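Here is what each chain is made of, one letter per residue.
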Amino acid sequence: MSLFHADSYSPDDMVMHPRHLAMQPVLVQLIQQLRACESVEAGADFQRNLLTRLLEVEKDRWEFKRAVTRMRNGKQPHREVPELQSGRDPADIATWRFEHDVCERLARQLRSVGDALAWRVFGFHRPFILALCRNQSPGPMYGKAGLAAELEHFERACKEDGAFALLHDLTNCLRIGDMTVWDGVHPPRTEEIKTNPKNSRSVQLRRINQARAAVLDGGPLPGDNASELLYDLDLPLRTHLDVLRDALERAATDGIYATPVPGSRALFVVDQYACAQHGMSSEQFNERHQHAVDGALQWAGIAACREDYNIHVTSLDSTARDPLRVPWANYPLHPVACARLIGDYAVATVETSGPVLTRLLQATGLDARWVRPPGKADLQQGEVIMEIHQQERLRSVTLPGGLTMTPGWTLQMRRSELDRYLMELLQPGSWAAGIKHVLAARQAGRPWPHYRNEHEIWV
């Protein structure tokens, strides 16, 4: 749980903190090291480096949390607490909450690079992530009971067995099991590591076996609902990520850049380093940003009724929060651009209009209807935003990843499906083809769809 208090600091305070600034070159180095990994030993060295960085941040976070607790009890921060770097008043408890929250964010940033490793070693095959993310987010590694046993098992697998082992706690997206091992012969094997092997947890072992069976045998995904299944769309994924790359490069020079994206979308990118280099005042920034946004919305054809029907997704402070999102370090971008997105020094926002998007799908032959009331507040988890009708009766099919098939020939689209269309910049034709594939398959239950060839998209 975050100790954040909205009245104690702003997002700008966070990104200007010396610790936060110092993490940028670290992230660039880690992404470069990850992309250069071509052997078991290189992958193990990368994890050792990432582990050292993560434990340092999590130790400081723990110490700051301890200082907050002491101050709540009327005591002074303890002697071992790390040095403050923010220049704030050490007598104010909000200062220590702020330091704690900085470390919490930095830990997520490091884990996002661990997520990129996970996607890479699983061959960018999304079903592995979909299957192994279905648990609560792991807690900090620092102070974790059993960490020594996990590290011993990790080193033995790498050095003695010649296998590649992946520590799940270095990631946010792998939440079932402690480690996955590749021996070069068999499919990847997920394991639960215990200090005392006799103290096995049957619940965790069952979820590990469910995840394995879901990916390899078409069984149900981990959980209590046996109707949740992986679903291969048997379609290639196509994206407009080249537009994102070009927009980031332009923003790195100009500070602010906005452009339409095919598929009734507009992309806005802000690069804080470039804005600072141009010496923009708040007034200048707001004026230039509004001008760029207005132009992109007009070009995309989604400027009308913006307050009532437009919705957007953003990269801002989203790193390692949603295990289903592709980590920024895997996007086909320069490592510096990836690090800026991870650290919020570059912020990308993608916006669309519900009714306009609906008309786009109608043009592909889908009987789509926007159902979200106009002027509603922010999108809620699980909220239905669009319905797509089928002409013949189908059995009930629900996709918790974003789509739901209900009796009455209707496919319901929810927030998470739209999030993927926007943030991964799927080509509209590829996206519509996937929807049609789900409709035509008539698969009962709750399938989680995935495209093929993602290894050609991500890095």
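Residues numbered from 1 in each chain as written. Predicted model: local features only at pLDDT ≥ 70, side-chain atom pairs only at ≥ 80, totals over all residues. Heavy atoms only, no water.

## A short note on the overall build of the chain
Right, so step 1: When helices and strands are tallied, the chain shows 15 helices and 14 strands.
Right, so step 2: For 459 residues, the compact-globule estimate of 2.2 N^0.38 gives 23 Å, and the C-alpha radius of gyration of the chain, at 23 Å, lies within 12% of that figure.
Right, so step 3: Across its three principal directions, the C-alpha atoms of the chain cover 70 × 60 × 45 Å.
Right, so step 4: Long-range contacts, defined as pairs at least 24 residues apart, comprise 68% of the intrachain contacts of the chain with a sequence gap of at least 6.
Right, so step 5: For the chain, the computed accessible surface area is about 20600 Å², with 50% contributed by carbon and sulfur atoms.
Right, so step 6: Here the chain contributes 53 positively and 57 negatively charged side chains, and the mean placements of these two sets differ by 5 Å. (Helix = DSSP H or I, 4+ residues; strand = E, 2+ residues; numbered from the N terminus. Rg over C-alpha atoms; globule rule 2.2 N^0.38 Å. Contact = heavy atoms within 4.5 Å. Areas by Shrake-Rupley, 256 points an atom, 1.4 Å probe, with all protein chains shown as cover. Lys, Arg positive; Asp, Glu negative; His and termini not counted. Charge placed at Lys NZ, Arg CZ, Asp CG, Glu CD.)

## A short note on the confidence of the model for the chain
Right, so step 1: The share of residues in the chain with pLDDT of 70 or more is 92%, and the mean pLDDT across the chain is 91.
Right, so step 2: Predicted confidence is poor over residues 1-7, with pLDDT under 50, and the contacts of this stretch with residues over four places away or in other chains come to 10 contacts. (pLDDT = per-residue confidence, 0-100.)

## Some thoughts on the nonpolar core
Right, so step 1: Counting 120 residues, the largest nonpolar core has Leu 244 and Ile 388 as the members making the most contacts within it.
Right, so step 2: Ranked by the residues each element gives to this core, the list is headed by helix H4 (residues 93-121), at 13 residues.
Right, so step 3: Among the nonpolar cores identified, the runner-up in size contains nine residues, and Phe 268, Leu 297, Ile 302 and Val 356 belong to it. (Core = buried A, V, L, I, M, F, W, Y, C linked by side-chain atoms within 4.5 Å. Buried < 20%, exposed > 50% of the residue type's maximum accessible area, 1.4 Å probe, protein only.)

## Brief notes about the sheet that holds strand S1 (residues 164-167)
Right, so step 1: On the basis of which strands lie adjacent, the open sheet formed by three strands has the order S1-S2-S3 and antiparallel pairing. The sheet is open, and its two borders are formed by S1 and strand S3 (189-191), each paired with just one other strand. Averaged over all adjacent pairs, the angle separating strand axes in this sheet is 25 degrees, with direction ignored. (Pairing = 2+ DSSP bridges. Axes fitted to C-alpha atoms, helices over the stretch in contact; angles between N-to-C directions.)

## Some remarks on empty space enclosed by the protein
Right, so step 1: Across all of its chains, the model carries one cavity of 30 Å³ or more by this definition.
Right, so step 2: In this structure, the largest cavity occupies an estimated 180 Å³ of space.
Right, so step 3: Secondary-structure elements contributing two or more residues to the lining of the largest cavity are H4 and helix H14 (415-423).
Right, so step 4: With three residues, the single largest contributor to the lining of the largest cavity is H4.
Right, so step 5: Tallied by class, the residues present in the lining of the largest cavity amount to nine nonpolar, four polar and five charged. (1 Å grid on protein atoms, 1.4 Å probe; cavity = no way out; pocket = protein on both sides within 12 Å on 5 of 7 lines; lining within 4 Å. Points joined across faces, edges and corners; volume = space filled by probe spheres on them. Nonpolar A, V, L, I, M, F, W, Y, C, P; charged D, E, K, R; others polar.)

## Some remarks on the packing of helix H13 (residues 354-363) against helix H15 (residues 428-441)
Right, so step 1: At a minimum axis distance of 10 Å, the contact between H13 and H15 shows a crossing angle of 70 degrees. Accordingly, the angle class assigned to the pair H13 and H15 is roughly perpendicular. Taken together, the residues of H15 that come into contact with H13 (itself represented by Leu 357, Leu 360 and Leu 361) are Pro 428, Trp 431, Ala 432 and Ile 435. (Parallel < 35°, antiparallel > 145°, perpendicular 65-115°, else oblique.)

## Regarding the sheet that holds strand S6 (residues 265-271)
Right, so step 1: If you walk across this open sheet you meet the four strands as S5-S6-S8-S7, and the pairing is antiparallel. Each edge of the sheet is formed by a strand with only one pairing partner; in this case those strands are strand S5 (256-261) and strand S7 (310-314). Geometrically, the sheet is characterised by an average inter-axis angle of 20 degrees between neighbouring strands, direction not taken into account.
Right, so step 2: One ladder, built from seven bridges, connects S6 with strand S8 (residues 346-353); its direction is antiparallel. Bridged to Ala 266 within S8 is Glu 351.
Right, so step 3: This element, H14, spans S6, S7 and S8 of the sheet and lies at about 70 degrees to S7.

## Thoughts on H13
Right, so step 1: Turning to H13, its buried residues number three or more, namely Gly 354, Val 356, Leu 357, Thr 358 and Leu 361.
Right, so step 2: Buried positions along H13 lie against helix H11 (306-309), S8, strand S9 (367-370), strand S10 (384-389), H14 and H15.
Right, so step 3: Just beyond H13, the residue with positive phi is Gly 365, at close to 100 degrees.

## A short note on the pattern of salt bridges
Right, so step 1: All told, the structure shown has 35 salt bridges when counted by the stated rule.
Right, so step 2: Between Arg 126 and Glu 424 there is a salt bridge, with its nearest N and O atoms 3.0 Å apart. With a gap of 298 residues between them, Arg 126 in helix H5 (residues 126-132) and Glu 424 in the loop between H14 and H15 connect regions that are remote in the sequence. This pair shows no difference in class: Arg 126 is buried, exactly as Glu 424 is.
Right, so step 3: Its salt-bridge partner being Asp 232, residue Arg 452 comes within 2.6 Å of it at the nearest N-O pair. Placement of the pair is Arg 452 in strand S14 (residues 446-452) and Asp 232 in strand S4 (residues 228-236), with a sequence separation of 220 residues.
Right, so step 4: The exposure class assigned to Asp 232 is partly exposed, which follows from its relative accessible area of 27%. (Salt bridge = Lys/Arg side-chain N within 4 Å of Asp/Glu carboxyl O.)

## As for the layout of surface pockets
Right, so step 1: Its boundaries defined by the atoms lining it, the largest pocket holds a volume of some 1100 Å³.
Right, so step 2: Lining the largest pocket are 46 residues, and of these Val 313, Arg 325, Arg 415, Ser 416 and Asp 419 sit closest to its centre.
Right, so step 3: Mapped by element, the contributors of at least two residues to the lining of the largest pocket are H5, H11, S7, H14, H15 and S14.
Right, so step 4: In the lining of the largest pocket, the residues fall into 17 nonpolar, 11 polar and 18 charged.
Right, so step 5: Lining the second largest pocket are 28 residues, with Asp 12, Val 270, Gln 272, Phe 285 and Val 347 sitting closest to its centre.
Right, so step 6: Mapped by element, the contributors of at least two residues to the lining of the second largest pocket are helix H1 (11-15), S6, helix H9 (272-277), helix H10 (282-300) and S8.
Right, so step 7: Broken down by element, the lining of the second largest pocket gets its largest block of residues, six residues, from H10.
Right, so step 8: When grouped by side-chain class, the residues that make up the lining of the second largest pocket number 16 nonpolar, eight polar and four charged.

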